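Residues per chain, in single letters:
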Amino acid sequence: MTRISCAVAISCLAFGLWFPASLVLAQEAKPAPSAGSGSGVTEEKAVALAEQGHCKEALPSLKRILSGQGPAEGRKKAGIVGLRCAMNMDSTDAALDFLRLLSHQFPQDPEVLFVLVHAYSDLSTRVAQNLATTAPQSVPAHKLNAEALEMQGKWDEAQREYEEMIAKQPDAPSLHYLLGRLLLSRPQPDANSVQRAKDEFHKEIEINPRNAGAEYILGEMARQESQLEEAIPHFSRAAKLDSSFGDAFMSWGFCLVTLKRYEEAISPLQAAVRLQQGNPSAHYNLAVALSRTGQKEEADKEFAIHRRLAQKPAPTEGNAQSQ
């Protein structure tokens, strides 16, 4: 297997698993049924065109039927057949149109979701193959290969990929972060791997001070070692770099509550609650901070939300609840 082909193999989910043989274009040519005017082609006729390999003629009608107001089953069938046709024609724009419409109209339909999984996988495979063909020695190609090796649990091979990239471009953004993440992803990393990962995250921040992920992981590593004072600046920087980073706000507030710095904890925990409304721990820690700063009414509201989310009585206020 070539360096990039394993990445292609990971993203490819066997096109034939979901693409019926009746829709493969390399079939014996048949005359296209008369389509008549495009707006008048029925669902049955459009599907028949597609099944006989005349996807180019069928696609406009299939898309019109999917976008229309007809029965749901007919629209779904037209959409699935149209998506398969577009993929077989290697028409990415048409495939994306069908993906968007199917996702919007049938967001929870199991059959549609199954088809979407394989369509997105196949599109990913095609892009990976394009990258392998056009720039096989580029950093993005090596990154893709390393990610694929990670997914296969080939930790040593993935690590060598990252190390080779860093040797060639030591100041390239994200490489030290990715290597550090890999080192921590290994099953039961030893102390040397953990320390090296920490060093890699610090190097990443030197190269790219706006890497919120590196800041957050450094904060988590410090928190797990009970070094909360060291963890807080990492979490706060991660949250300020990425205002949608709910976990960073949550961990920042949790550390402050644990240290009994309740007033400081309120703002990050309010952000965590806003970003993670279904997280009972966020509501609980906010409730503790509000309670300890005399805001009983607001605290009671948060405790009530926590109880509802956790489906059990809230713990006592003596200790902040961990994540």
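Each remark here, short or long, concerns the structure printed above.
Residues numbered from 1 in each chain as written. Predicted model: local features only at pLDDT ≥ 70, side-chain atom pairs only at ≥ 80, totals over all residues. Heavy atoms only, no water.

## Regarding the overall build of the protein chain
Tallying secondary structure elements over the protein chain gives 16 helices and 0 strands in all. Out of the 323 residues belonging to the protein chain, those deemed buried represent 44%. Counting only contacts in the protein chain whose residues sit at least 6 apart along the sequence, the fraction spanning at least 24 positions is 54%. Of the roughly 16600 Å² of accessible surface on the protein chain, 53% is carried by carbon and sulfur atoms. (Helix = DSSP H or I, 4+ residues; strand = E, 2+ residues; numbered from the N terminus. Buried < 20%, exposed > 50% of the residue type's maximum accessible area, 1.4 Å probe, protein only. Contact = heavy atoms within 4.5 Å. Areas by Shrake-Rupley, 256 points an atom, 1.4 Å probe, with all protein chains shown as cover.)

## Notes on the state of the cysteines
As used here, a disulfide is simply a covalent bond connecting the sulfur atoms of two cysteines. All told, the structure shown has 1 disulfide when counted by the stated rule. Sulfur-sulfur distance for the disulfide between Cys55 and Cys85 comes to 1.9 Å. Every disulfide takes its handedness from the sign of the S-S torsion; for Cys55 and Cys85 that torsion is -70 degrees, giving left-handed. Of this pair, Cys55 sits in helix H3 (residues 55-67) while Cys85 sits in helix H4 (residues 72-88), and the two are 30 residues apart along the sequence. (Disulfide = S-S within 2.5 Å.)

## A few points about the packing of helix H2 (residues 43-51) against H3
Where H2 meets H3, the axes come as close as 8 Å, and the angle between the chain directions of the two elements is 145 degrees. Handedness of the crossing formed by H2 with H3: left-handed. Within the contact between the two elements, H2 uses Glu43, Ala46, Val47, Leu49 and Ala50 and H3 uses Cys55, Glu57, Ala58, Ser61, Leu62 and Ile65. Taken together, the residues that form the contact of H2 with H3 break down as 8 nonpolar, 1 polar and 2 charged. (Axes fitted to C-alpha atoms, helices over the stretch in contact; angles between N-to-C directions. Left-handed = near helix turned anticlockwise from the far one by under 90°. Nonpolar A, V, L, I, M, F, W, Y, C, P; charged D, E, K, R; others polar.)

## So, the nonpolar core
With 55 residues, the main nonpolar core has Tyr162, Phe201, Tyr216, Trp252, Val257, Leu269 and Ala289 as its most contacted residues. Top element by residues in this core is helix H13 (residues 246-258). It accounts for 8 residues. Core analysis: the second largest hydrophobic core is formed by 29 residues, Leu59, Leu62, Leu83 and Cys85 among them. (Core = buried A, V, L, I, M, F, W, Y, C linked by side-chain atoms within 4.5 Å.)

## A closer look at unusual backbone geometry
Notably, Ser226 is not glycine yet its phi reads approximately 65 degrees, a positive angle. Structurally, Ser226 can be placed in the loop between helix H11 (212-224) and helix H12 (228-241). Residue classification places Ser226 among the exposed residues on the basis of a relative accessible area of 62%. The residue Lys260 is not glycine, and still its phi comes out positive at about 65 degrees. With respect to the element layout, Lys260 can be found in the loop between H13 and helix H14 (262-275). Looking at Lys260, the relative accessible area reads 60%, which means it is exposed.

## As for the packing of aromatic side chains
The tally for this structure, following the rule as stated, stands at 5 aromatic pairs. Ring centres of Tyr216 and Phe245 lie 4.9 Å apart, and the angle between their planes is 40 degrees; this geometry places the pair in the tilted category. Of this pair, Tyr216 sits in helix H11 while Phe245 is found in the loop between H12 and H13, placing the two residues 29 residues apart along the sequence. Each member of the pair, Tyr216 as well as Phe245, carries the same accessibility label: buried. Among the aromatic residues, those joined into a ring-pair cluster are Tyr216, Phe235 and Phe245. (Phe/Tyr/Trp six-rings, centres within 6.5 Å; stacked < 30°, edge-to-face > 60°.)

## Considerations on the pattern of salt bridges
In the structure shown here, the tally under the stated rule is 18 salt bridges. In this structure, Asp122 engages Arg126 in a salt bridge whose closest nitrogen and oxygen atoms are separated by 2.6 Å. One end of the pair is Asp122 and the other is Arg126, both in helix H6 (residues 110-134) and 4 residues apart, which spans about a single turn. Take Arg126: its relative accessible area is 21%, and that puts it in the partly exposed class. Between Glu150 and Arg181 there is a salt bridge; the shortest N-O distance is 3.8 Å. (Salt bridge = Lys/Arg side-chain N within 4 Å of Asp/Glu carboxyl O.)

## Things to note about the environment of Gly74
Positionally, Gly74 belongs in helix H4. Of the residues examined, Gly74 reaches a relative accessible area of 10% and is grouped as buried. Placed 30 residues apart in sequence, Gly74 and Glu44 show a C-alpha to C-alpha distance of 9.0 Å. The residues touching Gly74, leaving out its near neighbours within four places in the chain, are Glu43 and Ile65.

## Looking at the packing of helix H5 (residues 92-105) against H6
Between H5 and H6, whose axes approach to 11 Å, the crossing angle comes to 150 degrees. Considered as vectors, H5 and H6 are oriented roughly antiparallel to each other. The handedness of the crossing between H5 and H6 is left-handed. Taking contact as the criterion, the partners of Thr92, Leu96, Leu99, Leu102 and Ser103 in H5 are, on H6, Val112, Leu116, Ala119, Tyr120 and Leu123. Among the residues forming the contact of H5 with H6, the class breakdown is 8 nonpolar, 2 polar and no charged. (Parallel < 35°, antiparallel > 145°, perpendicular 65-115°, else oblique.)

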